Amino acid sequence: MIGNVRTTEDRPETDRVDVAVIEDHPLYRHAVVRVLTEAEGIELGAVVDSVARFHVHPQPPGSVVLLDLGLPGIAGAAAVLQVTELGHHVLVVSAQAEPEQVLGAIAAGAKGFLSKDVDVDELLTAIRTVARGRAYVSAVVAGMIIKDNADRPAAAPDVALSAREKQVLRLVAAGERDVDIARILGIGVRTVRGYLDRIRDKLGERRRAGLVRKAIQLGLASPPEVPGPSRPIAPRADAGGFEGRR
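Cut-offs used in this document
Residues numbered from 1 in each chain as written. Predicted model: local features only at pLDDT ≥ 70, side-chain atom pairs only at ≥ 80, totals over all residues. Heavy atoms only, no water. Pairing = 2+ DSSP bridges. Helix = DSSP H or I, 4+ residues; strand = E, 2+ residues; numbered from the N terminus. 1 Å grid on protein atoms, 1.4 Å probe; cavity = no way out; pocket = protein on both sides within 12 Å on 5 of 7 lines; lining within 4 Å. Points joined across faces, edges and corners; volume = space filled by probe spheres on them. Nonpolar A, V, L, I, M, F, W, Y, C, P; charged D, E, K, R; others polar. Core = buried A, V, L, I, M, F, W, Y, C linked by side-chain atoms within 4.5 Å. Buried < 20%, exposed > 50% of the residue type's maximum accessible area, 1.4 Å probe, protein only. Salt bridge = Lys/Arg side-chain N within 4 Å of Asp/Glu carboxyl O.

A. Region of interest: the sheet that holds strand β5 (residues 112-115). Taken in spatial order, the 6 strands make up an open sheet running β2-β1-β3-β4-β5-β6, and their pairing is parallel. Each having just a single partner strand, β2 (42-48) and β6 (136-137) make up the two edges of the open sheet. Examined bridge by bridge, strand β4 (residues 89-94) and β5 share 4 bridges and lie parallel to one another. Bridging from a neighbouring strand, Ser94 pairs with Ser115 of β5.

B. Structural detail: empty space enclosed by the protein. Across all of its chains, the model carries 2 cavities of 30 Å³ or more by this definition. If you add up the space inside the largest cavity, you get close to 60 Å³. In terms of lining residues, the largest cavity is bounded by Val21, Ile22, Glu23, Tyr28, Val32, Leu66, Leu67, Asp68, Val93 and Leu123. For the lining of the largest cavity, the secondary structure elements donating two or more residues are β1 (17-22), α1 (26-38) and β3 (64-67). For the lining of the largest cavity, the per-class residue count stands at 8 nonpolar, no polar and 2 charged.

C. Representation of the nonpolar core in the model. If you look at the biggest cluster of nonpolar residues, it comprises 26 residues, and the most contacted ones within it are Leu36, Val64, Leu66, Leu91 and Ile127. Mapped onto this core, the elements with two or more residues apiece are β1, α1, β2, β3, β4 and α5 (120-131). When residues in this core are grouped by element, the largest group, 7 residues, is from α5. Judged by nonpolar contacts, the second largest core, of 25 residues, contains Leu69, Ala79, Val80 and Val90.

D. Spotlight on the pattern of salt bridges. By the definition in use, this model includes 12 salt bridges. For Arg16, the salt bridge identified is with Asp18, shortest N-O distance 3.2 Å. Since its relative accessible area comes to 15%, Asp18 is described here as buried. One salt bridge in this structure joins Glu165 and Lys202, with 2.8 Å as the shortest N-O distance. With Glu165 in helix α7 (residues 163-173) and Lys202 in helix α9 (residues 189-203), this pair connects stretches of sequence that are 37 residues apart. According to the relative accessible area criterion, Glu165 is buried, its value standing at 3%. Through salt bridges with shared partners, a single ionic network connects Glu23, Asp68 and Lys116.

See below:
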């Protein structure tokens, strides 16, 4: 708590959470809208099929935006980046849940990642977790990343990162941008980029998604929350167009 300003980390779980949906599949979109409309503490805002349409729909800053990766127009990590730059928390819900897509989305700033076979309770848990400023990756997605890492050579045992380099790499793995890392650590952006250059040289990895993978291999990424079982999101046959509680 800073003065009278309440941050996302300070916000109680019972507070209302503003949520928007960017999903181009009508049936799935309708199912998600129904779930959110019926959920306690959820205020549903924009429900659109593309990032371009989202730009013209006013949405309260700090909203949780459920985002598909396979969108028309701006898609994938670029879509994540555009929505995060608008000041929102992105929770990816996508059929594209391969390790590269997951790591790319996280590197672009996504705070959470779910596959589209997610159930209702886990979706709501993820939304509330991300709304509080925390990261959330479903057990299914985490398992895919772990398996992918197991199939790849481990990082060289003689890789020695300084304490500050480890801090920077942890923040990269958390999806923070260079400017955010500088603010969090109280250093300049150029200094951050200098650390990143040294980290890339030591790890032999230039791409940001690759650095996230290395962070996971080195045990520098936070473990995902693992939810319990619940019921699946079941689209109804009468799915219609865009809708939401305004």
